[in-house]
Amino acid sequence: MDEREWLSERFEEHRARLQAVAYRMLGSVSEAEDAVQDAWLRLGRADTGEVRNLGAWLTTVVARVCLNVLRSRERRREDPLGVRMPDPIIGHEDGTGPEGEAVLADSVGLALLVVLETLTPAERLAFVLHDMFAVPFEEIAPMIDRSPAAARQLASRARRRVRGQAPVPDPDLARQRDVVDAFFAAARDGDFGALVAVLDPGVVLRSDGGAARARHTVVITGSRNVAERALTFGRLFPLARPALVNGAAGVVVAAHGRPLSVMAFTVTGGRILAIDVLSDPERLDRLDLAVPGA
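All values reported here derive from a predicted model rather than from experimental measurement.

Caption draft 1: Up close: the packing of aromatic side chains. Within this structure, the stated rule accounts for four aromatic pairs. A centroid spacing of 5.2 Å and a plane angle of 85° characterise the contact between F183 and F184, whose relative ring orientation is edge-to-face. Taking the relative accessible area as the measure of exposure, F184 reaches 4% and is therefore buried. Through successive ring pairs, a cluster of aromatic residues spans F183, F184 and F265.

Caption draft 2: View of the nonpolar core. Ranked by size, the top nonpolar core spans 64 residues in total, and within it F11, M25, L116, L125, L129, I140 and I144 carry the most contacts. Counting residues in hydrophobic clusters, the runner-up holds 27 residues, among them L205, I220, F237 and V267.

Caption draft 3: Expanded view of the sheet that holds strand β6 (residues 258-268). The strand order β1-β4-β5-β6-β7-β2-β3 describes an open sheet built from seven strands, whose pairing is mixed. A single partner strand is all that each edge strand has here, and the edge strands are β1 (90-91) and β3 (218-221). In this sheet, strand β5 (residues 248-255) lies alongside strand β4 (residues 240-245) in antiparallel orientation, the contact comprising six bridges. The residue bridging V245 from the neighbouring strand is A248, located in β5. Against the sheet, helix α11 (residues 223-232) makes contact with β2 (199-208), β3 and β7 (271-278), and its axis sits at roughly 50° relative to β2, the strand it touches most.

Definitions and limits used
Residues numbered from 1 in each chain as written. Predicted model: local features only at pLDDT ≥ 70, side-chain atom pairs only at ≥ 80, totals over all residues. Heavy atoms only, no water. Phe/Tyr/Trp six-rings, centres within 6.5 Å; stacked < 30°, edge-to-face > 60°. Buried < 20%, exposed > 50% of the residue type's maximum accessible area, 1.4 Å probe, protein only. Core = buried A, V, L, I, M, F, W, Y, C linked by side-chain atoms within 4.5 Å. Pairing = 2+ DSSP bridges. Helix = DSSP H or I, 4+ residues; strand = E, 2+ residues; numbered from the N terminus. Contact = heavy atoms within 4.5 Å. Axes fitted to C-alpha atoms, helices over the stretch in contact; angles between N-to-C directions.

Purely geometric stuff here, so don't read any function into it on its own.
Here's what the structure looks like:
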């Protein structure tokens, strides 16, 4: 076995973790794959004889690549208050789905990723690496040109925002599905009272329609407002097909085998606290989603 083959084998041992880091950092499947590929290219040019911990070295490389992407996004973002929905990871409730789904989506619901989008690049890096992957602050600090104490403060600030805006969903998937099914049944029947009953009073609906459906890019709060919105689009809900969205109960709304939207639900205490919708046709096509039940 030559050195490149040996490096390739070692890299593959770390690929799943690197993809998971990059997806949580970027909220984009394609950009996460690009970041991991960049790490592989840099590994091929590096003097690996001086690398004592390959996993830590690769994690640092991927994190720095992701940090650059986040900073670039921040510079060109014209509307900082707009909704940017991360790429959803779609699976089937029988446990089947795209390869790598568990690695990408395990314990990272779409609502959490939406909150991560509101953090600064440095906050996001500190929180993701430390809280999700147990990277010490001493290793995080040089990536963002801060002291370990400052990196700790960034992660703490991000943690408070996450706890305040990304509730932990009920662990029972069947219970989640019952609540989501009740939501769609009420919407189809035009039952406003039943809709309000299944929604938490502080529920938030976030929708990203992209440039093609800009009027669908909205943030709506409150059970009555969200219920009214659901009734408006109730005619589409017979097209909704159950799916796992980042490991939680959700749906893909599709017609003629083509997805119109992906809806992720955060269910806590038997009520819906968040509904996150991606209806941008450009991004849905790019994700090449397999429609459940199609």
